[in-house]
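Residue-level structural notes
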There are 2 protein chains.
Amino acid sequence: MKAIGPIPAGYKAIDGELAIGGVTASALARQAGDTPLFVYSTDHLRQRVADLRAAMPQRLAIHYAMKGNPFPPLLTLMNGLVDGFDVASGGELELALAAGVDASRISFAGPGKRDRELERAISLGVTLNCESEGEVERAIAIGVKLGSTPQLAVRVNPSFDLKGSGMKMGGGAKQFGVDAERVPALVKRIVAAGAQWRGFHIYAGSQALCADAIIAMQAQTLALVEQLTSAIGEPPRHVNLGGGFGIPYFPGDEPLDIGAVGAALGEAFDALPAVLTDTHFCIELGRYLVGEAGVYLTRIVDRKISHGEIFLVTDGGLHHQLAASGNFGTVIRRNYPVTIANKFDVAPQEVVSIVGCLCTPLDKLSDQAHLPRADVGDLVAIFCAGAYGASASPANFLGQGPAREMLV
Amino acid sequence: MKAIGPIPAGYKAIDGELAIGGVTASALARQAGDTPLFVYSTDHLRQRVADLRAAMPQRLAIHYAMKGNPFPPLLTLMNGLVDGFDVASGGELELALAAGVDASRISFAGPGKRDRELERAISLGVTLNCESEGEVERAIAIGVKLGSTPQLAVRVNPSFDLKGSGMKMGGGAKQFGVDAERVPALVKRIVAAGAQWRGFHIYAGSQALCADAIIAMQAQTLALVEQLTSAIGEPPRHVNLGGGFGIPYFPGDEPLDIGAVGAALGEAFDALPAVLTDTHFCIELGRYLVGEAGVYLTRIVDRKISHGEIFLVTDGGLHHQLAASGNFGTVIRRNYPVTIANKFDVAPQEVVSIVGCLCTPLDKLSDQAHLPRADVGDLVAIFCAGAYGASASPANFLGQGPAREMLV
């Protein structure tokens, strides 16, 4: 038997079944017309943003990093909840615009922006988080060509990283941003070229659960902002402090203490020098806002025994849940939180492995989990499926095609 | 500096550029209209099948496991070259039919076949490689309902695996097939129910480069066929010996010695008992047939320095090349074979890391490789991109969308 990750707060049973947005899993599968299915909870999303706002200093704006989940109805909802959107490609930019996000509230980061993506962003007045001197020069030239003033922030490659982070985006040689010591010269170049200097984007890592690590990273980020401001001789209008707020996926993971993070950030804001009084600060969060709001439902197609072990074979798999299968940025495979959705209030009875329908041994959704007895037709729920699920998995692998998605 | 994998045989320079099918990389990119781009070589595919046929015993049929690459023009080509197709889903089945493959030459494996997939396959006369007793019962019931005789082979979960295999599909508890000791009873059930028993599918692993390991696996497979034949009292009409033939990806990898494999298999066929005289044998290969025939071309968008290291940022990335980025079924990231396509005959001059355009540190295509000097606009080629590239990667991740594909 292997442990499973903690089921996120806020999920309850109705008539013995897992319910999302007040609707049972089997009713949701019927409404969708088929499985597999991602279900995202409006209530959960609203609550998460409200809790976060309550914990953070009022001065801090909250941006949605839509790479976490670009499902159009969810984008429309998030547009009403957050202060800005961060996009990572021209494709995401179009999705954000289609969801009604105002271009002035969008920033665009990414180390490989093509000229046509820069042109589109500049013509719309989107803020570009520039990742290199070369990108700044391309943006300036495009601005001249289009007769539009580029809105250019500089993404800084900080010398520190986020301790305990799932993915480090700073500290040493990186493809992201400009090494901190070259930033002042680049800002001066932006200003001299007549572009609008929007400020800094400083992203040191993601998916951390330790409040102290995030507090330390934010303190280092603010110190770096002060230092850059001195070197430039002018304060930034905007500072994107990055993200890093993680969610619990695995056995033993504890939720991040956002109260502690918010209190420390409030004190840090109070201690900022006068020169930064008018600077706007934001954080950009993707996974933290949407990850726990999503559940992946997949139906059991076969129940089989091999060498004494029970396998539940589902109609889903890693083509929708690459990360849950342990094949995306993880070294050791561990179990995401999982349940038998239509037996949510039944006590565990047997140890089973839950696999997908793909013809590859990589396609394992849960390894030797202790669960209620389940048979063909029952529904498996994988939690923490709201971020980096549908869009971050190889949907066409083995001809399976994408899962359905619903916002309820 | 880190080593890169061996560039597959058969790729030459024309006018100093990597050429595929006699056309230079830059001309291919122009023809395609944009990068990134997968290019598959007809010549390479034909030569690979011809070489394989020359090495294998004449008695052995060669099937294409289309999970390796389902690009429609490539399927049409392969249909003219091989003896049968193996599909892994209803989606792949439709693609094979659309490419002109006759249903009688198709077999369908996969542990999570849905009823509607079984119905379609049975009504067409496709051979089902049944993965469990439960699936056999569903197929029998569907056959009765449709008034069609199901063509049922039994996938056997062998007690052995393929030594040195990249992915083990046998040996111990697995979601694939039926444990060998339960197979005779299941075959008798198929026959008793009036379905057509087609034989066995025995797949012990994939991506092995050691001829001795494959020879040993094939010998074990044939011994298992003999043993099952005795227990059943009737020989199988067809036996699918699985695959397992690997291709070199990484530094130090050597090509599989197919001459040795073919010679040993010929001797093994000669030594089979008389009861198996009329049995047809095939192997199913995906990666081995198509992997080295494909090249991924991506254009450099930025060249940047961070902490003294050079990064070439491209318009491609792990959204098309998940495996090359080291994020699909590998524990330690190693470099695929890579070159600067438009400087294919230039000697290496500098050490660079090649990254994709995605906003994640996972998106690394080549780590500290020794390559000719390259700048914005140059083309990077990643080799061994013919299998598990376009279809096995999260194409929509970060809003990037799929790469183009061409058969030349």
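The structure presented is a predicted model; accordingly, all values stated were derived computationally and were not measured. (Residues numbered from 1 in each chain as written. Chains lettered and ligands numbered in written order. Predicted model: local features only at pLDDT ≥ 70, side-chain atom pairs only at ≥ 80, totals over all residues. Heavy atoms only, no water.)

1. Digging into the domain arrangement of chain A
All names here are of chain A. To keep things clear, this is the line we draw: The source of the domain bounds is an automatic or database domain assignment. Note on contacts: a residue pair is in contact if any heavy atoms of the two residues lie within 4.5 Å. A simple way to read buried area is as the amount of 1.4 Å-probe accessible surface that goes missing from two parts once joined, with both sides added. Here, a salt bridge means any Lys or Arg side-chain nitrogen found within 4 Å of an Asp or Glu carboxyl oxygen.
Domain boundaries in chain A define domain 1 (12-40 + 292-407) and domain 2 (70-285). Here the C-alpha centre of domain 2 lies 34 Å away from the C-alpha centre of domain 1. Contact with domain 1, which involves 11 residues of that partner, is made by 10 residues of domain 2. Broken down residue by residue, the surface that domain 1 buries against domain 2 is led by Glu 292, Arg 334 and Leu 407, which jointly contribute 40%. At the boundary of domain 1 and domain 2, one finds 0 salt bridges.

2. Some thoughts on the interface of chain B and chain A
Note the following rule: Side-chain atoms alone can form a polar contact between residues adjacent in sequence; in general such a contact is a pair of N or O atoms within 3.5 Å, and within protein one must be able to donate a hydrogen while the other accepts it. Think of it this way: any DSSP run of H or I at least four residues long counts as a helix, any run of E at least two long counts as a strand, and we number them from the N terminus. Note on residue categories: nonpolar means Ala, Val, Leu, Ile, Met, Phe, Trp, Tyr, Cys or Pro, charged means Asp, Glu, Lys or Arg, and polar means any other residue, Gly included.
Chain B puts 69 residues into the contact, and the matching count from chain A is 69 residues. Summed over both partners, the interface of chain B with chain A comes to about 5300 Å²; 58% of that surface belongs to carbon and sulfur atoms. Along the contact surface separating chain B from chain A lie 6 salt bridges. Scanning the region where chain B abuts chain A turns up 30 residue pairs in polar contact (both at pLDDT 80 or more). Within the residue set of the side of chain B that touches chain A, elements represented by two or more residues are α4 (90-98), α6 (133-146), β9 (151-157), β10 (167-168), β16 (294-306) and β17 (309-314) of chain B. A per-element tally of the side of chain B that touches chain A places β16(B) first, with 5 residues. Taken together, the residues of the side of chain B that touches chain A sort by class into 27 nonpolar, 23 polar and 19 charged.

3. Describing the sheet that holds strand β3 (residues 23-24) of chain B
Residues and elements named next belong to chain B. As a reminder of what qualifies: Two strands qualify as a pair provided DSSP detects at least 2 bridges between them.
The antiparallel open sheet is built from 3 strands, whose spatial order is β1-β2-β3. If you trace the sheet from one side to the other, it starts and ends with β1 (12-14) and β3, each paired once. By the bridge criterion, 3 bridges tie β1 to strand β2 (residues 17-20) in an arrangement that is antiparallel. Looking at β2, one finds that Ile 14 is bridged to Glu 17.

4. Some words on helix α9 (residues 258-270) of chain A
Each turn of an α-helix holds 3.6 residues, which means side chains three or four residues apart point in the same direction. Residues and elements named next belong to chain A. Let me state the cut-off plainly: What a helix should span is 1.5 Å times the count of its residues minus one. Only protein chains enter the calculation, and the probe is 1.4 Å; a residue is then buried if its accessible area is under 20% of its type maximum, exposed if over 50%, and partly exposed in between. This arc corresponds to the set of directions leading from the helix axis out to the C-beta atoms.
With 13 residues, α9 should reach 18 Å at 1.5 Å per residue; the first-to-last C-alpha distance of 18 Å fits that figure. Burial in α9 covers these residues: Ile 258, Val 261, Gly 262, Leu 265, Gly 266 and Phe 269. Burial along α9 is one-sided: seen end-on, the buried residues are contained in an arc of 135°. Structural note: α9 exposes Glu 267 and Asp 270 on the side pointing more than 90 degrees away from its buried face.

5. Observations concerning the side chain of Gln175(A)
Mapped onto the elements of the fold, Gln175(A) is located in the loop between β10 (167-168) and β11 (178-179). Non-local contacts of Gln175(A), meaning those with residues more than four positions away in its chain, are made with Pro111(A), Glu131(A), Lys304(B), Phe311(B), Val355(B), Thr360(B), Pro361(B) and Asp363(B).

6. Focus on the sheet that holds strand β1 (residues 12-14) of chain A
Ordered in space as β1-β2-β3 (chain A), the 3 strands form an open sheet in which the pairing is antiparallel. Here the strands that pair on one side only, and so sit at the sheet edges, are β1 and β3 (23-24) of chain A.

7. Describing unusual backbone geometry
Residue Pro36(A) is bonded to the preceding Thr35(A) through a cis peptide linkage, with omega at -5°. Although it is not a glycine, Asp15(B) adopts a positive phi angle of roughly 50°. The residue Asp15(B) is located in the loop between β1 and β2 in this model. Of note in this structure, Gln368(B) is not a glycine but carries a positive phi near 50°. When you line up the elements, Gln368(B) lands in strand β20 (residues 364-371).

8. Examining the pattern of salt bridges
For side chains bearing opposite charge, pairing can occur when the charged atoms are close. Per the counting criterion, the structure on display carries 38 salt bridges over all chains. Residue Arg155(B) is joined to Glu131(B) by a salt bridge in which the shortest nitrogen-to-oxygen separation is 2.9 Å. Of this pair, Arg155(B) sits in strand β9 while Glu131(B) is found in the loop between β8 (127-130) and α6, placing the two residues 24 residues apart along the sequence. By the burial criterion, Arg155(B) is buried, and Glu131(B) matches it. The residue Arg189(B) makes a salt bridge to Glu137(B) at a minimum N-O spacing of 2.7 Å. Of this pair, Arg189(B) sits in helix α7 (residues 183-192) while Glu137(B) is found in helix α6, placing the two residues 52 residues apart along the sequence. Classification of Arg189(B) as partly exposed rests on a relative accessible area of 34%. When salt bridges with common partners are traced through the structure, they connect Asp34(A), Asp315(A), Arg114(B) and Arg116(B) into a single cluster.

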